[in-house]
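Listed below, chain by chain, are the residues.
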Amino acid sequence: MLVCVPDVLSKAEVAEFRAVMDAAAWEDGRSTAGAQSAMVKKNQQLPPNSETTRQLGERIVKALAACPLFVSAAIPRHIFPPLFNRYTVGQHFGVHVDNAVRGDHLSGMRIRTDLSVTLFLSEPDEYDGGELIVEDYYGSHQVKLPAGHLVLYPASSLHTVTPVTRGARVASFFWLQSMIRDDHARSLIFDLDTAIQGLVARLDRNDADVVRLTGIYHNLIRYWAEV
Ligand code: NI
């Protein structure tokens, strides 16, 4: 399941991020790649342990917590400290699957990567190419979102970033471990939550059937959750 979450960062926040990032030193993106993905990865990255990366990353994690759609779709347990990358003309990331487990040297955090996240920090008209392509059971999905919006997709899926042919594609990317490990189970819970929110908008939250459905929502989480 791919889920797009709009307006995680405001345009003013994106501009502030970009100003800080433009002034920072970038390094070869292969420093965080696994053996296979290092062979197909050609981009730049902010050093993962730099003060700039950490501070911007913390702001993103805070913004995510305030975003009901993100929380509903991801049901996050642990969010890996966000990283930042940039693809300039000719750069791309060939087909790969993200590493299953990620360790963070500074915090000692180690997570199973259930979901991958790309938070776009360039507007689509700033660059050509640079589409994120995610493959799932239903085929290939091409994603290019406005700055400040993000896409969540299963970290188990093959994905690629196509070559940039004009401008620069700047983004934050990170992974998370969900309380609900199984992608299908998580999708069911998300669909149920979305339907309940739709009913709540039309009916009283205390309507007997809304209450029953809300109970089922919580009981499915109770049944599946790892906390
Ligand atoms: Ni990847």
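Please read these numbers as outputs of a predicted model, since none were measured by experiment.

Peer 1: Any chance you could explain the coordination of the nickel ion here in plain terms?
Peer 2: Ideal values differ by geometry: the angle at a metal is 109.5 degrees with four tetrahedral donors, but 90 or 180 degrees with six octahedral donors. For the nickel ion, the full set of protein donor atoms is His-96 (NE2), Asp-98 (OD) and His-159 (NE2), at a range of 2.1 Å. One chain supplies every donor for the nickel ion, spaced along it as H-x1-D-x60-H. Pair noted here: Asp-98 is in the loop between β7 (92-96) and β8 (101-103) and His-159 is in strand β15 (residues 159-161), with a separation of 61 residues, a long-range link. On the basis of relative accessibility, which here comes to 4%, the residue His-159 falls in the buried class.

Peer 1: How do you make sense of the sheet that holds strand β3 (residues 41-42) when you look at a structure like this?
Peer 2: In spatial order, the strands read β3-β7-β15-β12-β13; together these five strands make up an open sheet with antiparallel pairing. The outermost strands of the open sheet, each flanked by one partner alone, are β3 and β13 (139-143). Of the pairings in the sheet, the one linking β3 to β7 comprises two bridges and is antiparallel in character. Across the sheet, residue Lys-41 finds its bridge partner in β7, namely Phe-93.

Peer 1: Would you explain the packing of helix α5 (residues 183-202) against helix α6 (residues 208-224) in this entry?
Peer 2: Two measures define how a pair of helices packs: the angle their axes make with one another and the distance between the axes. Contact geometry for α5 and α6: axes closest at 10 Å, N-to-C directions at 160°. Considering the angle they form, α5 stands roughly antiparallel to α6. Both α5 and α6 take part in a crossing whose hand is left-handed. From α5, Ala-185, Leu-188, Ile-189, Leu-192, Asp-193, Ile-196, Leu-199 and Val-200 reach across to α6, where they touch Val-210, Leu-213, Thr-214, Ile-216, Tyr-217, Leu-220, Ile-221 and Trp-224.

Peer 1: I'm lost on the domain arrangement of the protein chain in this one. Help?
Peer 2: Accessible area lost upon the coming together of the parts is a frequently used measure of interface size. Here the protein chain is partitioned into domain 1 (3-178) and domain 2 (183-224). Placing a centre on the C-alpha atoms of domain 1 and another on those of domain 2 gives a separation of 30 Å. Contact residues are listed per partner, giving 11 residues for domain 1 and seven residues for domain 2. Together, the buried faces of domain 1 and domain 2 total about 680 Å²; carbon and sulfur atoms form 64% of this surface. Three residues, Ser-72, Ile-75 and Tyr-137, lead the burial of domain 1 against domain 2; their summed loss comes to 53% of the area buried on that side. Counting the contacts that link domain 1 with domain 2 gives zero salt bridges. Linking domain 1 with domain 2 are two residue pairs in polar contact (both at pLDDT 80 or more).

Peer 1: Even after reading the chapter, I still don't get helix α3 (residues 51-65), so can you show me in this structure?
Peer 2: Side chains that are three or four residues apart share a direction in an α-helix, a result of its 3.6 residues per turn. Its 15 residues give α3 an end-to-end C-alpha distance of 21 Å, which sits within 8% of 21 Å, the value for a rise of 1.5 Å per residue. Looking only at α3, the buried set comprises Thr-53, Arg-54, Leu-56, Gly-57, Ile-60, Ala-63 and Leu-64.

Peer 1: Could you clarify how one ought to interpret the side chain of Ser-178 in this entry?
Peer 2: Within the secondary structure, Ser-178 is located in strand β17 (residues 169-178). Taking the relative accessible area as the measure of exposure, Ser-178 reaches 0% and is therefore buried. Among the polar contacts made by the side chain of Ser-178, one reaches the main-chain amide nitrogen of Ile-180 at a distance of 3.0 Å. Ignoring anything within four residues of it in the chain, the contact list for Ser-178 reads Ala-74, Ile-75, Pro-76, Arg-77, Arg-112, Asp-114, Arg-186 and Glu-226.

Peer 1: Whenever I open this one, the packing of aromatic side chains confuses me. Can you help?
Peer 2: In this description, a pair of aromatic rings is defined by centroid distance and the angle of the planes. Tallied over the entire structure, the rule returns four aromatic pairs. An aromatic cluster is built from Phe-80, Phe-173 and Trp-175, whose rings are joined through pairwise contacts. Lying across the ring of Trp-26, Arg-86 places its NZ or CZ 4.2 Å from the centre. Between the NZ or CZ atom of Lys-144 and the centre of the ring of Tyr-127, over which it lies, the distance is 4.3 Å.

Peer 1: Looking at this model, I keep getting lost on helix α1 (residues 11-22). Mind explaining?
Peer 2: In this model, α1 (12 residues) spans 16 Å end to end at C-alpha, consistent with the 16 Å of a helix rising 1.5 Å per residue. The complete set of buried residues in α1 reads Val-14, Phe-17, Arg-18 and Met-21. Across the axial projection of α1, the buried residues extend over an arc of 100°, all falling on one side. Facing away from the buried side of α1 by over 90 degrees, the exposed positions are Ala-12 and Ala-19. Among the structural elements, α3, β6 (83-87) and β17 are those in contact with the buried residues of α1.

Cut-offs and rules
Residues numbered from 1 in each chain as written. Predicted model: local features only at pLDDT ≥ 70, side-chain atom pairs only at ≥ 80, totals over all residues. Heavy atoms only, no water. Donors = N, O, S within 2.8 Å, 3.2 Å for Na, K, Ca; no water. Helix = DSSP H or I, 4+ residues; strand = E, 2+ residues; numbered from the N terminus. Buried < 20%, exposed > 50% of the residue type's maximum accessible area, 1.4 Å probe, protein only. Pairing = 2+ DSSP bridges. Axes fitted to C-alpha atoms, helices over the stretch in contact; angles between N-to-C directions. Parallel < 35°, antiparallel > 145°, perpendicular 65-115°, else oblique. Left-handed = near helix turned anticlockwise from the far one by under 90°. Contact = heavy atoms within 4.5 Å. Domains from an automatic or database assignment. Buried area = accessible area lost by both parts, 1.4 Å probe. Salt bridge = Lys/Arg side-chain N within 4 Å of Asp/Glu carboxyl O. Polar contact = N/O pair within 3.5 Å; in protein donor to acceptor, adjacent residues only side chain to side chain. Expected span 1.5 Å × (residues − 1). Phe/Tyr/Trp six-rings, centres within 6.5 Å; stacked < 30°, edge-to-face > 60°. Lys NZ or Arg CZ within 6 Å of the ring centre and 35° of its normal. Arc of directions from axis to C-beta.

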